[in-house]
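# What the coordinates show
Letter by letter, the chains look like this.
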Amino acid sequence: MDKLFGAEGITGIAVTEVTCELVMQTGRALVLSLMRRLQHKVTILVGKDTRLSSNILENALIAGICSAGADVRRLGVIPVAAVAYLVTRTGADAGIMISCSHGGFELNGLKIFSSAGYRISEDVEDEIETAVLCEPETIRIMSHDSVGYAVIYKDAEWDYLRYLIKLEKFDLTGLRVVIDCANGCASQSAEKLYSALGARCFMVNNTPDGKNINDRCGVGYTGLLAKFVRSKRADIGLVFDGDASRCLAVDENGDIIDGDQIMAILSLYYKREVRLKKDTVVITDLSNLGFRHFASMNNIRVSTSKPGERSIVEKLLDGGYMMGGEQNGRIIFSDVSTTCDGLLTGLRLLSALKNSGKKLSGLASAMEKYPQVMINVSIRPEYKELWKNNSDITDLIEKKQYGLGDDGRIFVREVGAEPLIRVMVEGKSFETINECAMEISDKIKEHTGSKLAVAGVE
């Protein structure tokens, strides 16, 4: 690996890329980083998802942490948000989740949380990365009575669920809910949470076998959930990813309700309850244009951040706002949580649905979702950043944006580590935006000698 941390933490093919040795050294490097700052023995919480490789990597991680002189409390299979919450509840010095959220079972990784429950800073990531990849000789290993020990945290899941249940006076009595757990961390927790509050739950994809996590289920595959919702005559369907950080919904007709629409429903609900701080919602550059129009019509302010959990959290904290998130279903409620929490998102959506007395389709209709076209254009490495200075490309983008006016938007940016440009165009007319996206992509290809690959159309 040339670089250890990405936007989702450490991720890669389990055991061969994210190796036991790498995970062990990462655990040691984290302990070393913490010991430089603290005057007491370090304690770290470790949770995991249901992947076949999670047990292997857990053992390697715990061995690394304990051999560096810190103690471990093992949480077992648990949602990622529970790790972040339990770090603050127990006074631990850090928490680590072994997961690759919505990836297939062959992938795995680490997400690391600070003692405050937030993802560790980029500075700490850089410190760990330097120690693991460049200066392994600086990583100390203890011996004799200086090593740490690992114990099981027996009530970890229930402590987290009790916290959610007691947040407010939730009553889900009478709601019929189909839940797709993606054969991941929500497989036990979701039913316990929602049924305890009175919902009638119908569970699907809640029998993990180590290999079926996110396999034709979860947030990337909602077709089966839609059929179950209709067949069970349910009020709503909820769907999670592998670590239960993301939550999307399906209405009573089987239509998907994405993260932007969920935030629209909840922002209206909490605004009417006078609980939406500063009447503001944090969205990203990639959020659907329909949300902006919805917000304008309902006197809700919008604050925009870059995509990604860290950027959204920073904007929420800086502005003192309550809610922010992304179209993909990662939503953060900063009044009660420090990270994306799919179970909490589902809980608050169910509560809003129950208290409204309306159907979910009716609530979602408050926001008109605009069609989007996204095209990935791979460019030659020497054109990275330089394409922005090409007047043929920039003039065409400006011309097309002018033509779309207030009813459309063009967003062109480099994404990921690869030399790749993503062209995103949205507007009321699919034909217009599709033509626009293709013209811009062709122009970029013409000037960078690249190939096109359609990323997605909604």
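An account of the accompanying structure is given in this report. Each chain carries its own residue numbering, running from 1 in the direction its sequence is written. Predicted model: local features are reported for residues with pLDDT of at least 70 only, side-chain atom pairs are reported and counted for 80 or more only, and whole-chain, interface and lining totals are derived from all residues. Side-chain calculation: all heavy atoms of the structure are included, whereas hydrogens and water are not.

What counts as an axis is a line fitted to C-alpha atoms, over the stretch in contact for a helix, and the angles between N-to-C directions run from 0 to 180 degrees. Runs of E in the DSSP output that reach at least two residues are strands. Runs of H or I that reach at least four are helices, and both are numbered from the N terminus. For the pair helix α8 (residues 259-272) and helix α11 (residues 342-356), the least separation of the axes is 10 Å and the interaxial angle reads 60°. Classified by the angle their axes make, α8 and α11 are oblique. Considering the relative orientation of α8 and α11, their crossing is left-handed. Judged by residue contacts, Ile 262, Ile 265, Leu 266, Tyr 269 and Tyr 270 of α8 engage Thr 345, Arg 348, Leu 349, Ser 351, Ala 352 and Asn 355 from α11. Polar here means any residue other than Ala, Val, Leu, Ile, Met, Phe, Trp, Tyr, Cys and Pro, which are nonpolar, and Asp, Glu, Lys and Arg, which are charged; Gly is therefore polar. Classifying every residue of the contact of α8 with α11 gives seven nonpolar, three polar and one charged. Our angle categories are set so that under 35 degrees counts as roughly parallel, over 145 as roughly antiparallel, 65 to 115 as roughly perpendicular, and the remainder as oblique. It is the rotation of the near helix from the far one that decides the hand of a crossing: anticlockwise by less than a right angle makes it left-handed, clockwise makes it right-handed. Contacts: residue pairs with any heavy atoms within 4.5 Å of one another.

Judged by nonpolar contacts, the single largest core of 72 residues is most densely connected at Tyr 194, Leu 238 and Leu 343. With residues up to four places along the chain from it excluded, the contact list for Tyr 194 reads Leu 172, Ile 179, Ala 199, Cys 201, Leu 238, Phe 240, Gly 342, Leu 343, Gly 346, Leu 347 and Leu 350. One finds Ala 29, Ile 62, Val 124 and Val 132 within the second-largest nonpolar core, a separate group that totals 34 residues. Residues enter a nonpolar core if they are buried and are Ala, Val, Leu, Ile, Met, Phe, Trp, Tyr or Cys, with the set joined through side-chain atoms within 4.5 Å. Accessible area is worked out with a 1.4 Å probe on protein chains only. A residue is then buried under 20% of its type maximum, exposed over 50%, and partly exposed in between.

It is worth spelling out the sheet that holds strand β12 (residues 280-284) at this point. Reading across from one edge, β13-β12-β14-β15 is the order of the four strands in this open sheet, with mixed pairing throughout. Edge strands, defined here as strands with exactly one partner in the open sheet, are β13 (301-305) and β15 (331-333). Ignoring strand direction, the axes of neighbouring strands in this sheet form an average angle of 20°. Here, any two strands with at least 2 DSSP bridges between them count as paired.

The next thing to look at is the environment of Leu 286. Assignment of secondary structure puts Leu 286 in the loop between β12 and α9 (289-297). For the pair Leu 286 and Ser 351, spaced 65 residues apart in the sequence, the C-alpha separation amounts to 27 Å. Setting aside residues up to four positions removed in sequence, Leu 286 forms contacts with Pro 307, Gln 327, Gln 372, Arg 409, Phe 411, Arg 413 and Met 424.

Quick look at unusual backbone geometry now. With a phi close to 60°, Ala 182 is a non-glycine residue in the positive phi region. Mapped onto the elements, Ala 182 comes out in the loop between β7 (176-180) and α6 (186-196). Of the residues examined, Ala 182 reaches a relative accessible area of 0% and is grouped as buried. Look at Glu 385: it is not a glycine, yet its phi comes out positive at around 70°. With respect to the helices and strands, Glu 385 occurs in the loop between β16 (372-378) and α13 (391-404). Residue class for Glu 385 comes out partly exposed when judged on its relative accessible area of 43%.

Centres within 6.5 Å are what make two rings of Phe, Tyr or Trp a pair, Trp counting through its six-membered ring; a difference in plane orientation under 30 degrees is then read as stacked, over 60 as edge-to-face, and the rest as tilted. The final tally for this structure, using the stated rule, is three aromatic pairs. Between the aromatic rings of Tyr 85 and Tyr 163, the centroid separation amounts to 4.2 Å while the plane-to-plane angle is 15°, which identifies the pairing as stacked. Taken as a pair, Tyr 85 in helix α3 (residues 80-90) and Tyr 163 in helix α5 (residues 156-165) lie far apart in primary sequence, 78 residues in all. For Tyr 85, a relative accessible area of 18% translates into the label buried. For Tyr 163, a relative accessible area of 25% corresponds to the partly exposed category. Arg 73 extends its terminal NZ or CZ atom over the ring of Tyr 153, reaching a point 4.4 Å from the ring centre. Here the guanidinium or amino end of Arg 348 rests over the ring plane of Phe 333, the centre of that ring lying 4.9 Å away. Note on geometry: a ring has a charge over it if NZ (lysine) or CZ (arginine) is within 6 Å of the ring centre and within 35 degrees of the ring normal.

Judged by pairing direction, the sheet is mixed, and its five strands sit side by side in the order β8-β7-β9-β10-β11 without closing on themselves. Single-partner strands in this sheet number two, and they are β8 (200-204) and β11 (256-257). Sheet topology note: the β7/β8 ladder contains five bridges and is parallel. Bridge pairing in β8 places Val 177 opposite Cys 201. Each of β7, β8, β9 (236-240) and β10 (247-250) is contacted by helix α7 (residues 223-231), which is oriented at about 155° to β9, the strand it contacts most.

This brings us to the layout of surface pockets. Grid points spaced at 1 Å over the protein atoms alone were grouped into cavities, where a 1.4 Å probe fits but cannot get out, and pockets, open sets with protein on both sides within 12 Å along at least five of seven lines, with lining residues defined by an atom within 4 Å of a point. Grid points are joined across faces, edges and corners, and a volume is the space filled by probe spheres set on the points. Approximately 230 Å³ is the volume attributed to the second largest pocket. The wall of the second largest pocket is formed by Ala 264, Ile 265, Leu 268, Tyr 269, Arg 272, Glu 273, Ala 352, Ser 356, Lys 358, Gly 362, Leu 363 and Ala 366. Elements supplying a minimum of two residues to the lining of the second largest pocket: α8, α11 and α12 (360-364). The element best represented in the lining of the second largest pocket is α8, accounting for five residues. The residue makeup of the lining of the second largest pocket, split by class, is seven nonpolar, two polar and three charged.

The next subject is the packing of α3 against α5. Closest axis-to-axis distance for the α3/α5 pair is 10 Å, and the angle between their directions is 90°. Between α3 and α5, the crossing angle belongs to the class labelled roughly perpendicular. Between α3, through Ala 81, Ala 82, Tyr 85, Leu 86 and Arg 89, and α5, the contact on the second element is made entirely by Ala 156, Asp 159, Tyr 160 and Tyr 163. Residues that form the contact of α3 with α5 fall into these classes: seven nonpolar, no polar and two charged.

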